[in-house]
Amino acid sequence: MSTVLEELNQPAVASYAGPLLRVRDLVKRFPITSGVILQRTVGMVHAVEGVSFDLDEGETLGLVGESGCGKTTTGRCILQLYRPTSGSILFEGKELTTLRGRELQAMRRDMQIVFQDPYASLNPRMTVGTIVAEPLVIHHIGTRAERKERVRELLDVVGLNPQFTNRYPHEFSGGQRQRIGLARALALNPKLIICDEPVSALDVSIQAQILNLLEQLQQELGLTYLFIAHNLSVVKHISDRVAVMYLGKIMESAPSAELYDNPAHPYTFMLLSAIPIPDPSVERSRARRVIEGDVPSPVNPPSGCVFHPRCFRAKEICALRVGDFDPVAGTLAVEGKGGGRHPHEGPLVGAR
Ligand SMILES: Nc1ncnc2c1ncn2[C@@H]1O[C@H](COP(=O)(O)OP(=O)(O)OP(=O)(O)O)[C@@H](O)[C@H]1O
Ligand code: SF4
Ligand SMILES: [Mg+2]
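Residues numbered from 1 in each chain as written. Chains lettered and ligands numbered in written order. Predicted model: local features only at pLDDT ≥ 70, side-chain atom pairs only at ≥ 80, totals over all residues.

## Brief notes about the overall build of the protein chain
In step 1: Along its length, the protein chain carries 11 helices and 12 strands.
In step 2: The 352 residues of the protein chain split such that 37% are buried.
In step 3: Looking at the protein chain alone, contacts between residues at least 24 apart form 63% of all its contacts between residues at least 6 apart. (Helix = DSSP H or I, 4+ residues; strand = E, 2+ residues; numbered from the N terminus. Buried ≥ 20, exposed ≤ 12 C-beta atoms within 10 Å, placed from the backbone. Contact = placed C-beta atoms within 7 Å.)

## Here we look at helix α6 (residues 174-186)
In step 1: Given a rise of 1.5 Å per residue, 13 residues ought to cover 18 Å, and the 18 Å separating the end C-alpha atoms of α6 matches this to within 8%.
In step 2: Counting buried residues along α6, 12 of its 13 residues qualify, which places the element largely inside the surrounding structure.
In step 3: Of the residues making up α6, those classed as buried are Gly 175, Gln 176, Arg 177, Gln 178, Arg 179, Ile 180, Gly 181, Leu 182, Ala 183, Arg 184, Ala 185 and Leu 186.
In step 4: The inward-facing, buried residues of α6 contact β6 (111-114), α4 (128-138), α5 (144-157), β7 (192-196) and α7 (204-221). (Expected span 1.5 Å × (residues − 1).)

## Quick notes on the site of ligand 1
In step 1: Every one of the 13 residues lining ligand 1 counts as a neighbour, but Phe 30, Ala 47, Ser 67, Thr 72 and Thr 73 are closest to it.
In step 2: Where the shell around ligand 1 is concerned, the elements lending two or more residues are β2 (40-55) and α2 (71-78).
In step 3: Ranked by the residues each element gives to the shell around ligand 1, the list is headed by α2, at three residues.
In step 4: Classifying every residue of the shell around ligand 1 by side-chain character gives five nonpolar, seven polar and one charged. (Near = placed C-beta within 6 Å. Nonpolar A, V, L, I, M, F, W, Y, C, P; charged D, E, K, R; others polar.)

## A few points about helix α10 (residues 266-273)
Since the α-helix turns once every 3.6 residues, residues separated by three or four places project in the same direction.
In step 1: The buried count for α10 comes to seven of eight residues, which makes it a mostly enclosed element.
In step 2: Looking only at α10, the buried set comprises Pro 266, Tyr 267, Thr 268, Phe 269, Met 270, Leu 271 and Leu 272.
In step 3: As for α10, its buried residues are in contact with α8 (232-235), β9 (241-246), β10 (249-255) and α9 (256-261).

## A look at the pairing of β6
In step 1: Judged by which residues are buried, β6 turns out to be covered on both faces: Met 111 and Ile 113 on one side and Gln 112 and Val 114 on the other are all buried.
In step 2: Looking at chain direction, β6 and β7 are connected through four bridges and run parallel. In the sheet register, Gln 112 faces β7, and the bridge partner there is Ile 193. (Pairing = 2+ DSSP bridges.)

## Things to note about the sheet that holds β2
In step 1: Pairing is antiparallel across the open sheet formed by four strands, whose spatial order is β2-β1-β4-β5. Looking at strand neighbours, the two that pair on one side only are β2 and β5 (94-95), the edges of this open sheet.
In step 2: One ladder, built from two bridges, connects strand β4 (residues 86-91) with β5; its direction is antiparallel. Its bridge partner being in β5, Phe 91 is matched across the sheet by Lys 94.

## A short note on the confidence of the model for the protein chain
In step 1: Taken over all residues, the pLDDT of the protein chain has a mean of 86, while the share at 70 or more is 87%.
In step 2: Across residues 325-341, confidence stays below pLDDT 50; counting only partners more than four residues off in sequence or on other chains, it has 33 contacts. (pLDDT = per-residue confidence, 0-100.)

## Some details on the packing of α4 against α5
In step 1: Packing of α4 against α5 leaves a shortest axis separation of 9 Å and a crossing angle of 115°. In terms of orientation, α4 and α5 fall into the roughly perpendicular class. Both α4 and α5 take part in a crossing whose hand is right-handed. Between α4 and α5, the residues in contact are Gly 129, Val 132, Ala 133 and Leu 136 and Arg 147, Arg 150, Val 151, Leu 154 and Leu 155, respectively.
In step 2: Looking at the contact of α4 with α5 residue by residue, the classes come out as six nonpolar, one polar and two charged. (Axes fitted to C-alpha atoms, helices over the stretch in contact; angles between N-to-C directions. Parallel < 35°, antiparallel > 145°, perpendicular 65-115°, else oblique. Left-handed = near helix turned anticlockwise from the far one by under 90°.)

## Side note on the nonpolar core
In step 1: If you look at the biggest cluster of nonpolar residues, it comprises 78 residues, and the most contacted ones within it are Val 132, Ala 183, Phe 227, Val 244, Met 245 and Tyr 246.
In step 2: In contact with Val 244, other than residues within four places in its own chain, are Val 64, Gly 65, Ile 250, Met 251, Glu 252, His 265, Tyr 267, Thr 268 and Leu 271. (Core = buried A, V, L, I, M, F, W, Y, C linked by C-beta atoms within 7 Å.)

Okay, here's the thing in structure tokens:
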């Protein structure tokens, strides 16, 4: 019989050549209900409204946007923890949105999530050994002794002492708990990890350690990451490409360096403007645009380009046209006569 480690380290059988993950026109709406006994739907939260992107194997896509823009919902839809309202999610070419039962369970081995809050995401009554071994138990992998060996190996991989298996989460610091969460996510040797703000709750110095660990693990294990964050500065170094989300839609997506040096969308420009530049002379002279006001309600999103109420380049036409994102070309297109390109004129320079 093969050991748990051999079983998990088997190479992929099929030779699939496309992107590891392909998301197309993903929509997720949550009903708002009223009434105690006879519940009526009185509205919809438009959490994700037509998100599309590709994610290649070994790549990191940073998904950035203000609170409530639909980042977590996108991640949870990919994992089928939320069933999408519509749209397609292909993982290694296989449609996930129609999978059920055992087939879905089997696909879940390849996709894991690391949560924002390392305090809340670990069961305080379980030992570290039980927490990290849990995915192996759920998927009936290995004997008890083999699982113990795998847990020790995983703790070592994430930089924790393998002797810690009998300790409880409260005995660890925030950074160490996030390492435990990472060990659990790695237990089944996944291909894709959705990192949902994995460093937001940590001190800045610890953030860097966890980001470095994620990068190191990616190189060693060939992992693919969807890295969710509030802030463009957090994802800058870890991401190959960055997608900027606003009110359930992707506003702009580009290779990391391009997006930071030459933002094409006013929202990206404004998010970059909010990041201070360490050099005081550059900081003083740069063009700046501060985002004012709150994000509009996703229950009743603005017409046309959803960003128009806060956009410094908005024109009357922006409220009428439908801003659309072409995921394949990576360009911004706008419907309507004379459309095809984003209507703002002139380059957006000096954001950083
Ligand atoms: N289970 C749910 N039921 C109803 N509405 C939900 C549910 N989950 C999320 N929402 C709503 O969907 C919208 C998007 O939420 P989501 O958690 O995806 O945003 P986010 O970008 O991850 O925000 P944050 O940065 O604060 O984590 C929000 O308006 C939120 O209130
Ligand atoms: S379409 Fe109009 S409102 Fe929307 S980002 Fe472009 S310029 Fe601004
Ligand atoms: Mg979230």
